[in-house]
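# Survey of secondary and tertiary structure
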Amino acid sequence: MASWGRPENSRLIGKRVQRLSGADKATGKAKYTFDINRPGLLYGHILRSSVAHATITHIDLSAAEALPGVKAAIPLIEPGKRVRFEGQEIAAVAATTDDIARDALRLIQVDYDELDYVVDMEDAKEAGAPQIRDDWEGNQSEPRVDERGDLEAGFAEAAVEVEATYHAPVQTHVCLETHGNVAEWDGDNLTVWASTQAVFGTRQNLARHFELPENQVRVITEHMGGGFGSKFGPGVEGVTVAKLARITGAPVKLMLTRKDEHLVGGNRPSMTQTVRAGAAQDGRFVAYDMSGYGTGGIGSGAGFTGPYVYHVPNYRTEKSAVAINAGSARAMRAPGHPQGAFAMDSLMDELAEKLNIDPLEFRRINGDSDARRDRIRQAEYTLGAQEIGWHRRNRVPGSGTGVKKRGIGVGCGLWGGGGGPGTEARVTIHASGAVEATTGTQDIGTGIRTVIAMIVAEELGLRPQDITVKVGDTAPGLPSRGSGGSQTIGSVAPVIKTAAMAAKRKLFAHIAPMVEADPGNLRAVGGRIRTESDLRMSISWKEATGYLGMETISEGGEWDENLRVGDTAGVQFADVEVDTETGLVKVIKIVAVQDCGLVVNRLTTESQINGAVIMGLGYALLEERIMDDQTGKMINANLEDYKVPGTMEIPEIVSIAYDTDRKITGIGEPPTIPTAGAIANAVYNAIGVRIRELPITPDKVLNALG
Amino acid sequence: MPKKVHVQTTINGEAVEYLCEPRQSLLEVLRDVLHLTGAKEGCNNGNCGACSVILDGRLVNSCLVLGAELEGKSLETIEGLAEPEQLHPIQDAFLENAALQCGICTPGFIMAAKALLDQNPNPTEHEIRYWLAGNLCRCTGYDKIVRAVQDAAQTTS
């Protein structure tokens, strides 16, 4: 049975290995979709609705078509249809330069018959609000109710109760590379360079749309500038660019603008939840009654977690979505979890305070609803508390003196991330000694290329840089799943591992007769092949592969569920300083203890945790899509007014990539979950006033302080 | 269509001539005319720093400069930083510190760091953070970027 072996026997697994594509990225050589230039390239842009809600009565493309340099102008919506949010696609153009394409958009005449709109979730729930979705009655979805245990009995047992309402805003993904594609036709064959998290998913979608067999569509993602859940299919813009390329007979590039990206590139739904909860005198969390909703814009989903992490035997939850005239939600880094975690961890602290129990102790008592995670989580509490100096927290919240008050808080998260079957991969050994590892996954910045090279190199006794890794292309016909749900490594690594094992076995079988050895006795170590028993037999890797002559070894692998693990636990601690005169919250330090299963590349694992923490910090303190009631528009659809964290906001981050077993798991998403809850609790510990609405901006702090 | 402007300039130490439209930004000229795609478009209005280049020794967002303004000036871009067989110490420091993930903001950060170290070879951590506040990154968490610049300062000074 395949296994990752003992840590002391691993040469590469668990070590710090530099990213293989690092030099290309640091020198500007790496080509992202945005960088693809093709001979005769045209530039595409999309005209978007300037209003939140309207019936389109007329579209006149003639002036745009007449502009010199414009090669195509096409409608994307039929007159008579409704646009339901600012930014919805109306028409598209392709022109010889980017500027001409933008000029052409300004020449398109669109007549709107404007309708009443609603961009506020509370207003949208009112009777008589403008109807947004045709498939719903009103603007609120049928609530989903979950119940367990006996809620009334739970409350009867409770010594203390908390009732509170928590809010989290809509957050946008802000991928630094916007969504977009370059499309080029050769007869009935379509090649698309896509900024996507799923080359195969994008291929299938395009093949279906253009009624082509899959093998006539090729999707390439050499490098991509962030996705965070928002880039799974070609989208309207991907289908549109392929249409424009077909009509013009030329390659076309169509990348969203930054404003487009905020409006249509996806977002994390908001959350408003009201909860009543109770705990028994001995510290047991016994009752949880929660009702909440969020908005995914015109989209149907706005789910969030709750109850979350902690064990509560009696609960009732009621969750729904509210439609508003705004761009649709998409999966965003741990969908549903950060909003649920923020509310849950705030609630846990509120309950603990009423019981007069240390919040960490209260969490320890109520454990994790899953036994494996609980074992890990309890250890993480200890590790993290020590690192942050939990004893330094204010026994009485807000009791610090001075203008700037410090506080410490804790938050938790959990995630699946174990991966699954469906990836095919090949490891190829050439007579020259060259080794290739090929699979249809894509490197969305997480470093899967390097991980693949490490796994193959470990198996073959080579260095990671000796392995040529080919990913991000559908052409080799080796499918893999989309990079979502932190599933990439758990899906890909087992297949790569078993393919490398198979290739090695085949190489050993081939050369064993030549070196008069038993193939079972051969080992690949340090760039050499040698026998276990007779140390005199030792030949270089190249000598060994030279025996292949005209042959090439190319072996596939199989997904092995024993090589990966899911259901990980994470705990974070925040140390903050709140300026009680300006209301500014400064995060001093975050300690992130993350269950990482088996760490493959410690260097890039830490980076993943750091980055996730910072996205969580933005969620806690800065980020919010602001919709304007007076116009129905997003008023901060740029990077000046939509605040993402920068270097000045960054605390000291101690990321503890906690090796919990010898199986692989994905950690792209889990470390972004606990951050906001930990920060909110730390702010409370600093000032003694609870802020139940994210982001915790200075105005809210000052209002809370009175 | 407006007449194109003829520009004679120096890019990465080499004399370069090009034609551009009067309204074309330097970023567009670099990427679409000269096919130097190391400077990235992240926002096209000066908020993200992904298009950072050094113009006559000054750090600028190339999306906020016109291509025509390059006449007679000297430009440094990410493409000119490394020697053929040797990365620049800042690039090495970024790799060693794992100061990049998806990498699309990386050329901008490296050029910004170079502009800083050119004028202040021994910056404090606060000075580094303040200087880099105009560059956005959505992946790394910045911590390793700041450390990389600190390391590079040690190497180059």
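Residues numbered from 1 in each chain as written. Chains lettered and ligands numbered in written order. Predicted model: local features only at pLDDT ≥ 70, side-chain atom pairs only at ≥ 80, totals over all residues. Heavy atoms only, no water.

What follows is about the packing of helix H15 (residues 602-621) of chain A against helix H16 (residues 675-687) of chain A. All names here are of chain A. Here H15 crosses H16 at 50 degrees, and the two axes come no closer than 8 Å. Here H15 is positioned oblique relative to H16, judged by the angle of their axes. Crossing of H15 over H16 shows right-handed handedness. For the pair H15 and H16, the contacting residues are Ala 612, Val 613, Gly 616, Leu 617, Tyr 619, Ala 620 and Leu 621 in the first and Thr 675, Ala 676 and Ile 679 in the second. Each residue belonging to the contact of H15 with H16 can be placed in one class, and the counts come to eight nonpolar, two polar and no charged. (Axes fitted to C-alpha atoms, helices over the stretch in contact; angles between N-to-C directions. Helix = DSSP H or I, 4+ residues; strand = E, 2+ residues; numbered from the N terminus. Parallel < 35°, antiparallel > 145°, perpendicular 65-115°, else oblique. Left-handed = near helix turned anticlockwise from the far one by under 90°. Contact = heavy atoms within 4.5 Å. Nonpolar A, V, L, I, M, F, W, Y, C, P; charged D, E, K, R; others polar.)

Residues and elements named next belong to chain A. The antiparallel open sheet is built from three strands, whose spatial order is S4-S2-S6. Edge positions in the open sheet fall to strand S4 (82-83) and strand S6 (109-114), since each of these has one partner strand only. Of the strand pairs in this sheet, strand S2 (residues 54-60) and S4 are connected by two bridges, and their pairing is antiparallel. The residue of S4 that forms the bridge with Thr 55 is Arg 82. (Pairing = 2+ DSSP bridges.)

So, on to helix H11 (residues 371-388) of chain A. Residues and elements named next belong to chain A. Taking 1.5 Å of rise per residue, the 18 residues of H11 would be expected to cover 26 Å, and the 26 Å separating its terminal C-alpha atoms lies within 8% of that figure. Within H11, burial applies to Arg 372, Arg 373, Ile 376, Arg 377, Gln 378, Glu 380, Tyr 381, Gly 384, Ala 385 and Ile 388. In this structure, the buried residues of H11 make contact with helix H10 (359-366), strand S18 (404-415), strand S26 (568-579), strand S27 (585-595) and strand S28 (652-658). Among the residues of H11, the N-terminal cap falls to Asp 370, whose side-chain oxygen and the backbone nitrogen of Arg 372 are separated by 3.1 Å. (Expected span 1.5 Å × (residues − 1). Buried < 20%, exposed > 50% of the residue type's maximum accessible area, 1.4 Å probe, protein only. Polar contact = N/O pair within 3.5 Å; in protein donor to acceptor, adjacent residues only side chain to side chain.)

Here we come to the domain arrangement of chain B. All names here are of chain B. Domain boundaries in chain B define domain 1 (5-80) and domain 2 (89-156). On a C-alpha basis, the centres of domain 1 and domain 2 stand 21 Å from each other. Buried area between domain 1 and domain 2, summed over both chains or domains, comes out near 1100 Å², and the portion from carbon and sulfur atoms is 65%. Sorting the residues of domain 1 by area buried against domain 2 places Ile 54, Leu 59 and Ile 78 first, and these three jointly supply 42% of that buried surface. One salt bridge connects Lys 114 with Glu 76, and the closest N-O pair in it is separated by 2.7 Å. Applying the counting rule to domain 1 against domain 2 returns five residue pairs in polar contact (both at pLDDT 80 or more). Residue composition of the side of domain 1 that touches domain 2, grouped by class: five nonpolar, five polar and two charged. (Domains from an automatic or database assignment. Buried area = accessible area lost by both parts, 1.4 Å probe. Salt bridge = Lys/Arg side-chain N within 4 Å of Asp/Glu carboxyl O.)

On the side of chain B, 48 residues touch chain A, which itself brings 57 residues to the contact. When the two sides are added together, the surface that chain A and chain B hide from each other amounts to roughly 4400 Å², 53% of it contributed by carbon and sulfur. Counting every contact that joins chain A to chain B gives six salt bridges. The tally of links from chain A across to chain B stands at 25 residue pairs in polar contact (both at pLDDT 80 or more). Contributions of two or more residues to the side of chain A that touches chain B are made by helix H1 (22-27), helix H3 (98-107), strand S9 (171-172) and H15 of chain A. Residue contributions to the side of chain A that touches chain B peak at eight residues, all from H15(A). The class makeup of the residues in the side of chain A that touches chain B is 24 nonpolar, 19 polar and 14 charged.

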